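Fold and contact review
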Amino acid sequence: MKIKEILSVLEEMAPLAYAEDFDNVGLLVGDQNKEATGVLVCHDALENVIDEAITKKCNLIVCFHPILFSGIKKITGKNYVERSLIKAIKNDIAIYAVHTALDNHRDGVNKIFCDSLGLVNTSILIPKQNFIRKLVTYTIPENAEKVRNALFDAGAGNIGNYEDCSFNSKGIGTYMGNENSDPQLGERFEFVETTEIKIEVTFEKHLESNILKTLFSHHAYEEVAYEIYELQNTHQNIGLGMIGEFKTPMEEKDFLLLVKEKMQSDGIRHSAFLGKPIKKVAVLGGSGSYAIKNALLAGADAFLTADLKYHQFYEAENMLLLADIGHFESERHTKNYIVDYLRKKILNFAIILSEENTNPVKYL
C-alpha cells in the first residue's frame, strides 16, 4: 500500500477543504508515492514521536497539530520544529496533519468532546460560512433524471440531514446553432423552441470541479448552459465548536468533576459558579475564547474550551459557567478516533496509537 492510498482515507475522514484558511493541513513532509510500512497516530509530531515511529517501523505519522504551521526560511535545527523536520526527512518519514479539517467535521473533535461527556442533541456551534454553492442547469426532460442522479452521486444535493435534494421546474428554452454547431435537437441555423427542465442543486464549494465534470459528461447538449452562485447560507454540518445537552441537569461542581474525569484534566480554571444547574453545554476543543459570545447566544449554561486569558473570564457576563480545561485535554481523545477510523477502513495493516504524551503543560 502506498502512502497516498492512506492519505485518501484520511481525506474521507476529514476533507482538507473543511480546514480554516489560516491552517496548514495535509501532507507536510514526505513522498506520498512511497510504499507505506506503518502508520503512527499522535497529537504532535515532535522528535520523541519521530523516534517512536522509527522504532516501530512506521514511515507515516498522522498528527493532529501541524508541526509545520507557518512559513520557515531555514531548517538548521535551532528549534523543536526544525529538529523534528530534519529527523523526519533524514529517516524518510512522511507527516500528515488533520487539525481544523477535523475540528470542523460534524463527527470530529467537538463531537468526540461531546460524546466523551455524554451530551445528546448536538449541533454545530459556529456553522461554516461561504462554503455552499448552487448549480443551475437546463436540459430536455428525457435527460433530466440522468443529469440529476449523476450530480447526486458526485456529492451535490445534500442539505443538513437530507440528501438527493433538488428543485426542478419546467419552461421553454430557445437556441439557434451556427455553422460549427451540432445540435441535439433541430438543425444548424434553425431557431429551436423546446420544453426544458431547470435543475437546481447545492454543493460544497470544494466539489465544484467534479460537479462540473459530471454535468458535462452526462448532459445531452453539445453546449451546456449552467450558472453557479455562491450562497450566503451557513453549512449546518460543518463548523467550529458544538453544543449539546445532558439528559438530566447537573450541579455546577458535579459537572466540572465529570469534565475533569472524562477529559483527564489535572486542573480546570473556571468562572464563578452561578448557582444554577448545567444542562446545555457548548464545547470547542483547543483555543476557543473567540466563541464565548456564540455560546452565550446559543443559550449555553456552560462553555468548555482552552487557553483563556484573565480578562476573558469576565466575558461570561455572569450568564454562563466558563471553563478552561486545558488545550491538550480538550482534544485528547482525537488521536484515538483517528486510529479507530483508520483500522476500520484499512484492514491487516499496522495502525499504531502513539504512546508519547506530547502535552507541554504540566501541573504541580
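Quick note: structure is the one above.
Residues numbered from 1 in each chain as written. Predicted model: local features only at pLDDT ≥ 70, side-chain atom pairs only at ≥ 80, totals over all residues. Heavy atoms only, no water.

1. Observations concerning the packing of helix H1 (residues 3–13) against helix H11 (residues 334–345)
The condition that has to hold: To define axes, lines are fitted to C-alpha atoms, for helices over the stretch in contact only, and angles between the resulting N-to-C directions are given on a 0 to 180 degree scale. Secondary structure elements follow DSSP: runs of H or I of four or more residues count as helices, runs of E of two or more count as strands, with numbering from the N terminus. For this classification, under 35 degrees means roughly parallel, over 145 means roughly antiparallel, 65 to 115 means roughly perpendicular, and everything else is oblique. Each crossing gets its hand from how the near helix is turned against the far one by less than a right angle, where anticlockwise is left-handed and clockwise is right-handed. When checking whether two residues touch, look at their non-hydrogen atoms; a contact exists if any pair is within 4.5 Å. Classification convention: Asp, Glu, Lys, Arg as charged; Ala, Val, Leu, Ile, Met, Phe, Trp, Tyr, Cys, Pro as nonpolar; all other residues, Gly among them, as polar.
Close contact between H1 and H11 brings their axes to 11 Å; oriented N to C, the two are set at 120°. Classified by the angle between their axes, H1 and H11 sit oblique to one another. By crossing handedness, the relation of H1 to H11 is classed as right-handed. Along the contact surface, H1 presents Val9, Leu10, Glu12 and Met13, while H11 presents Tyr337, Ile338, Tyr341, Leu342 and Lys345. Partitioned by chemical class, the residues of the contact of H1 with H11 number seven nonpolar, no polar and two charged.

2. Some points on the packing of aromatic side chains
Note the cut-off: Between rings of Phe, Tyr and Trp, where Trp is taken as its six-membered ring, a pair exists when centres lie within 6.5 Å; planes separated by under 30 degrees are stacked, by over 60 edge-to-face, and by other angles tilted. Each residue gets one of three labels from its accessible area relative to the maximum for its type: buried under 20%, exposed over 50%, partly exposed in between, using a 1.4 Å probe on protein chains only.
As enumerated under the stated definition, the model contains seven aromatic pairs in all. Here the aromatic rings of Phe22 and Phe69 are separated by 6.4 Å at their centres, their planes lie at 55°, and the arrangement is tilted. Remark: Phe69 occurs in the loop between strand E3 (60–65) and helix H3 (80–90) and Phe22 occurs in the loop between H1 and strand E1 (26–29); sequence separation between them is 47 residues. Look at Phe69 and you get partly exposed, because its relative accessible area is 42%. Each ring, one from Tyr310 and one from Tyr314, has its centre 5.9 Å from the other, and the planes form 90°; the classification is edge-to-face. Here Tyr310 matches Tyr314 in class, with each residue exposed.

3. A short note on H11
The following threshold applies: One less than the residue count of a helix, multiplied by 1.5 Å, gives the span that helix is expected to have. By definition, the arc is the one covered by directions from the helix axis to the C-beta atoms.
Compared with an ideal rise of 1.5 Å per residue, which puts twelve residues at 16 Å, H11 spans 17 Å between its outermost C-alpha atoms and is within 8% of the ideal. Three or more residues of H11 are buried, namely Thr334, Lys335, Ile338, Val339, Tyr341 and Leu342. Seen from one end, H11 has its buried residues packed into an arc of 165°, which puts them on one side.

4. Some words on a nonpolar patch on the surface
Inclusion rule: Distance thresholds for patches are 9 Å for like charges and 5 Å for nonpolar side chains (Val, Leu, Ile, Met, Phe, Trp, Tyr), applied to residues having over 30% relative accessible area and no salt bridge. Accessibility throughout is a Shrake-Rupley quantity obtained with a 1.4 Å probe, and a residue counts as covered only by protein chains that appear here. By definition here, a salt bridge exists when the distance from a side-chain nitrogen of Lys or Arg to a carboxyl oxygen of Asp or Glu is within 4 Å.
Side chains of Met176, Phe189 and Phe191 sit close together on the surface and give an oily, nonpolar patch of about 380 Å² of accessible area. Note on placement: Phe191 falls in strand E8 (residues 191–204). Taking relative accessible area as the criterion, Phe191 reaches 53% and is therefore assigned exposed.

5. A look at the pattern of salt bridges
Evaluated as defined, the whole model comprises 14 salt bridges. A salt bridge links Glu35 to Lys2, with the shortest nitrogen-to-oxygen separation between them at 3.4 Å. With Glu35 in the loop between E1 and strand E2 (39–44) and Lys2 in the segment before H1, the pair connects residues that are 33 residues apart, well separated along the chain. One salt bridge in this structure joins Asp115 and Lys111, with 2.9 Å as the shortest N-O distance. Of this pair, Asp115 and Lys111 both sit in helix H5 (residues 109–117), four residues apart, roughly one helical turn.

6. Some points on H3
What counts is decided by this rule: Between N or O atoms, a polar contact is any pair within 3.5 Å; within protein, one atom must be a potential hydrogen donor and the other a potential acceptor, and residues adjacent in sequence are included only when both atoms are from side chains.
Within the span of H3, buried status applies to Val81, Glu82, Ser84, Leu85 and Ala88. Down the axis, H3 shows its buried residues gathered within 160° of arc, on one side only. Looking at the buried side of H3, the elements it contacts are E1, helix H2 (47–55) and strand E4 (94–97). Two or three places before Val81, at the start of H3, stands the capping residue Asn79, its side-chain oxygen 3.1 Å from that residue's backbone nitrogen.

7. Here's the deal with the sheet that holds E1
Using the following cut-off: Strands qualify as paired when DSSP identifies two bridges or more between them.
In spatial order, the strands read E1-E4-E3-E2-E15; together these five strands make up an open sheet with mixed pairing. With partners counted over all chains shown, the strands left at the sheet margins are E1 and strand E15 (351–353), one partner each. Across the sheet, the mean angle from the axis of one strand to that of its neighbour is 30°, orientation sign disregarded. Direction of pairing for E3 relative to E4: parallel, over a ladder of four bridges. When the sheet's bridge partners are listed, Val62 is paired in E4 with Tyr96. This element, H11, spans E2, E3 and E15 of the sheet and lies at about 165° to E15.

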